[in-house]
Amino acid sequence: MLRTLLIASLGLIAGSAWADSTALKRLNTGDEGRAWEAVGRLDIGGKGFCTGALVAPNLVLTAAHCLFDSKTSKQIDHSRVEFQAGLRNGRASAYRMIRRAVVHPDYDFSSSVTTDRVRNDVALLELHHPIRNTTVKPFETDVRPRKGDEIGIVSYAHDRAEAPSLQEVCDVLARQQGVLVMSCNVDFGSSGAPIFSFRNGEARIVSVVSAKAEVEGLPVSLGTQLEVPLALLKAELAAGKGVFQSAAPQVNRIGAGKRRDTGAKFVSSSKN
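Residue numbering note: each chain is counted from 1, following its sequence as written. Note on the predicted model: pLDDT of at least 70 is required for a residue's local features to be given, and 80 or more for side-chain atom pairs to be given and counted; whole-chain, interface and lining totals, by contrast, use all residues. As a convention, hydrogens and water are excluded, and side-chain values are obtained from all of the structure's heavy atoms.

## Points about the overall build of the protein
Convention followed: Comment: elements are numbered from the N terminus, with helices defined as DSSP H or I runs of at least four residues and strands as E runs of at least two. The cut-offs for exposure are 20% and 50% of the maximum accessible area for each residue type, with area from a 1.4 Å probe on protein chains only; residues under the lower value are buried, those over the upper are exposed, and the others partly exposed. Throughout, a contact is declared for two residues whenever any of their heavy atoms are within 4.5 Å. Note on areas: these come from Shrake-Rupley sampling with a 1.4 Å probe, and a residue is covered only by the protein chains present in the view.
Scanning the protein for helices and strands turns up five helices and 13 strands. The buried share of the protein, taken over its 272 residues, is 54%. A separation of at least 24 residues holds for 73% of the contacts in the protein among residues at least 6 apart in sequence. When the accessible surface of the protein is split by element, carbon and sulfur atoms take 48% of a total near 11900 Å².

## Looking at the pattern of salt bridges
Basically, it comes down to this: For this document, the term salt bridge refers to a Lys or Arg side-chain nitrogen within 4 Å of an Asp or Glu carboxyl oxygen.
Under the counting rule described, the total for this entry stands at nine salt bridges. Put simply, Asp116 and Arg119 hold a salt bridge, and the shortest N to O gap is 2.1 Å. Of this pair, Asp116 and Arg119 both sit in helix H4 (residues 115–119), separated by three residues, roughly a single helical turn. Residue class for Arg119 comes out partly exposed when judged on its relative accessible area of 24%. One salt bridge connects Lys241 with Glu236, and the closest N-O pair in it is separated by 3.3 Å. The exposure class of Glu236 is buried, given its relative accessible area of 15%. Here the salt bridges share partners, and the residues they tie into one network are Arg99, Arg100 and Glu126.

## Thoughts on the state of the cysteines
For the record, the criterion: What counts as a disulfide here is a pair of cysteine sulfur atoms lying within 2.5 Å.
Inspection of the entire model under this criterion finds two disulfides. What pairs with Cys50 in a disulfide is Cys66, and their sulfur atoms sit 2.1 Å apart. Judged by the sign of its S-S torsion, about -100 degrees, the bond between Cys50 and Cys66 is left-handed. Within this pair, whereas Cys50 is found in strand E3 (residues 49–56), its partner Cys66 is found in the loop between strand E4 (59–62) and strand E5 (81–85), the two being separated by 16 residues in sequence. By the burial criterion, Cys50 is buried, and Cys66 matches it. Disulfide partner of Cys170: Cys184, at an S-S distance of 2.1 Å. When the S-S torsion is 75 degrees, as for the bridge of Cys170 with Cys184, the disulfide is right-handed.

## As for the pairing of strand E12 (residues 204–215)
Just so we agree on the cut-off: By this definition, two strands are paired if DSSP reports at least two bridges between them.
Of all 12 residues in E12, nine are buried, a share of seventy percent or more. As paired strands, strand E11 (residues 194–197) and E12 are joined by four bridges and run antiparallel to one another. Each bridged residue has a counterpart across the sheet, and for Pro194 the counterpart in E12 is Val208. Counting the residues between successive antiparallel strands, the hairpin from E11 to E12 contains six residues, one of them, Asn200, with a positive phi of roughly 60 degrees. Two successive antiparallel strands, E12 and strand E13 (residues 218–224), enclose a turn made up of two residues, where Glu216 displays a positive phi of approximately 50 degrees.

Remember, this is a structural readout, not a statement about activity or role.
Here it is, written out as structure tokens:
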């Protein structure tokens, strides 16, 4: 089980890393959120949401499980997914529907939470129209971080759905079998959220949030090591994959303060 695997690797460091992590900061104003406008909320047909981030004017990076229905275990019609760049208090810097979506070919939504599932839990979404807005600048990606590196996360979640929150400092606790184990604070809705490195003062995406788990009663977040999966997904799009038979895109927005459930939720490894 994944929980056993994590405890075996982290049992000796479950004391100090969490103490170094900073608290979440809600990015309420334009000044606070200016550097993070390319992070947005992915509305899943008006029924739920995940977090995603632009890595090119027409490409959004997120978690693969965001594109699956938890009841049927089937991939959803991505034409019903909308990317809301920089969404804050009911308004976004840009709204775009999804034209194509590719998930890692080895991702298995129906499997239990294992290192294989987390390692392959990544998807790339192609927008119908690129976002060419001077305030919404796609992020570069970077090589995988090392154990002990400081990272950060910008995400939405079920209790903070109308504005992103920044955790500027959390830590890579371990790297094993293509999975990053991190001290970052995540919750439902944070699925697919970008994990950033800050080398040389520049935020670059090094992973996306896949799941949350526990180690000796303390929360951890899990994500894939990004380099190889992202290159594979770009090749899948270049090969013409990701076409989904569907009706014309529909927009079904839900206003501020209204709750919704989603099939794209974290799985706590303590339940396995």
